[in-house]
Amino acid sequence: MKSDYLVVSDRVQEAIDKKMPVIAIETSGIYIGLTGRGVMMDGIGSQGIRLNEGDKLDYFSIAESIEKLIVQNGAVPAMIAIIDGKIHVGLNKDDLTYLSEHHDSLKKVCKSDLPLVLALPQDGVTTLSATMMISSMVGINVITTVGVGGVSDDFADSHHVSADIEEMARGRVVVVATGFSPGSNPEKTHKFLDTHGIPLLGFRSDKYFTPWSDKKEHELRFKVNEPTDIAHTLAVKRSLDIDGSILVLNPPSGLIKDEEGYNTEVYSKYVQEIMNDNATLAAWIAMAISMDLDPNIQNRNSKRSSLPKKEKSMSFEVWLFAVKKFAQNYDVALLIFNNLPDSEKERLRQEYEDTVT
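Criteria and thresholds
- Residues numbered from 1 in each chain as written.
- Predicted model: local features only at pLDDT ≥ 70, side-chain atom pairs only at ≥ 80, totals over all residues.
- Heavy atoms only, no water.
- Helix = DSSP H or I, 4+ residues; strand = E, 2+ residues; numbered from the N terminus.
- Buried < 20%, exposed > 50% of the residue type's maximum accessible area, 1.4 Å probe, protein only.
- Contact = heavy atoms within 4.5 Å.
- Areas by Shrake-Rupley, 256 points an atom, 1.4 Å probe, with all protein chains shown as cover.
- Core = buried A, V, L, I, M, F, W, Y, C linked by side-chain atoms within 4.5 Å.
- Pairing = 2+ DSSP bridges.

J.: Explain the overall build of the protein chain to me, and be specific about the residues and the numbers.
T.: The helix and strand tally for the protein chain stands at 14 helices and 15 strands. By the burial criterion, 54% of the 357 residues in the protein chain qualify as buried. Relative to all contacts within the protein chain whose residues are 6 or more apart in sequence, the contacts with residues 24 or more apart total 69%. With the model as given, the accessible surface of the protein chain reaches about 16800 Å², and the carbon-plus-sulfur share is 48%.

So, in structure tokens, the structure goes:
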């Protein structure tokens, strides 16, 4: 989509055109969610940290580390922000520096805010709802975030439903998150997702946690163990022309203690670990999607059930990484491969040729 208000970096546009794995990064969680300016997400606490005098988060390094992690896992990062009234998809170092230096004045931009922020013009970072809308505009399939807004706990009085899950009902993307934001009612949110045909999947977990809730542990009906399972689900959903996105919850291995939630160093490190975990999983899923999986369920029992269609070409490196799961990035996969006995190398290369020809 072309627009006077849309600027897509050359690197991101080339990746989209070549159907490479691209990850959209929701930026409000980085530049606003890491402070007390916004409500925080599942597993963290409801207020965010309160920075002590003299404390300063290195937003540039936080953003850059997430991008580097995505690159290391074989995908192209597409951080999204509003700079001087333009939507930028894919930020360079000057953009990241600018956002870091001006983080106190950045607007938290949801979908409904977007036209006004562009018209004024202003600077801002995008919430999940705006990130999903923009991603759909440019053709990005996978988004990484931390928390997702849901159905309000006081819905009977407020009738509030987050724009995040409203946009999920319209889009056709995969969202990787840790859980739902404080103030959301998990049970009501689950029902909304069910009603609107949005699969809720736990990645290698059948539960997630909400510390602010009376019922802190919540069960998930579906658990998936492999990124290819998520890619297959998206392929089938699209083949049936079913609207609605897929929400993948990636619960952290542990929860931060309440008393630690106000410690700048501990809190920031914990949230960054969550961001990194979600970005890594998003890269794996995007890689699986880029394999162009066959949505035909009847083919699931064949030896090519989780592999690309026959007519699609794929490099040996992609196959080695995504199918054989030697490691979680190309370089490590090739390093391991190069240290294998010659007979094993030949067997794998023959298996690759049988797969893609």
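What follows picks up the thread again.
J.: How would you summarise the environment of Q272 if you had to cite specific residues and measurements?
T.: On the secondary structure map, Q272 appears in helix 11 (residues 264-290). Separated by 210 residues in the primary sequence, Q272 and I62 place their C-alpha atoms 7.2 Å from one another.

J.: Run through the nonpolar core, naming residues and quoting values.
T.: If you look at the biggest cluster of nonpolar residues, it comprises 47 residues, and the most contacted ones within it are Y31, V174, V248 and I285. In terms of residue count, helix 11 provides more of this core than any other element does, 14 residues in total. Within the second largest apolar cluster, 42 residues are counted, among which are L6, I143, L247 and L249.

J.: Before we move on, could you go through the pairing of strand 11 (residues 200-203) and cite the residues and values that matter?
T.: Burial of the side chains of strand 11 extends over both faces: L200 and G202 are buried on one face and L201 and F203 on the other. The sheet contact formed by strand 11 and strand 15 (residues 246-249) spans three bridges and is parallel. Its bridge partner being in strand 15, G202 is matched across the sheet by L249. In the sheet, strand 11 pairs with strand 14 (residues 222-224) via three bridges, with the strands oriented parallel. In the sheet register, F203 faces strand 14, and the bridge partner there is V224.

J.: An account of the pairing of strand 3 (residues 76-83) is requested, with residue identities and associated values reported.
T.: Among the eight residues in strand 3, eight count as buried, and that is most of the element. Taking every second residue as pointing to the same face, both faces of strand 3 are buried, with V76, A78, I80 and I82 on one and P77, M79, A81 and I83 on the other. Relative to strand 3, strand 2 (residues 22-25) is paired through four bridges, and the arrangement is parallel. Residue pairing across strands places A24 opposite A78, the latter belonging to strand 3. Across four bridges, the pairing between strand 3 and strand 4 (residues 86-89) is antiparallel. Paired with I80 across the two strands is V89, which belongs to strand 4. Between strand 3 and strand 4, which follow one another and run antiparallel, lie two residues, and D84 among them has a positive phi close to 50°.

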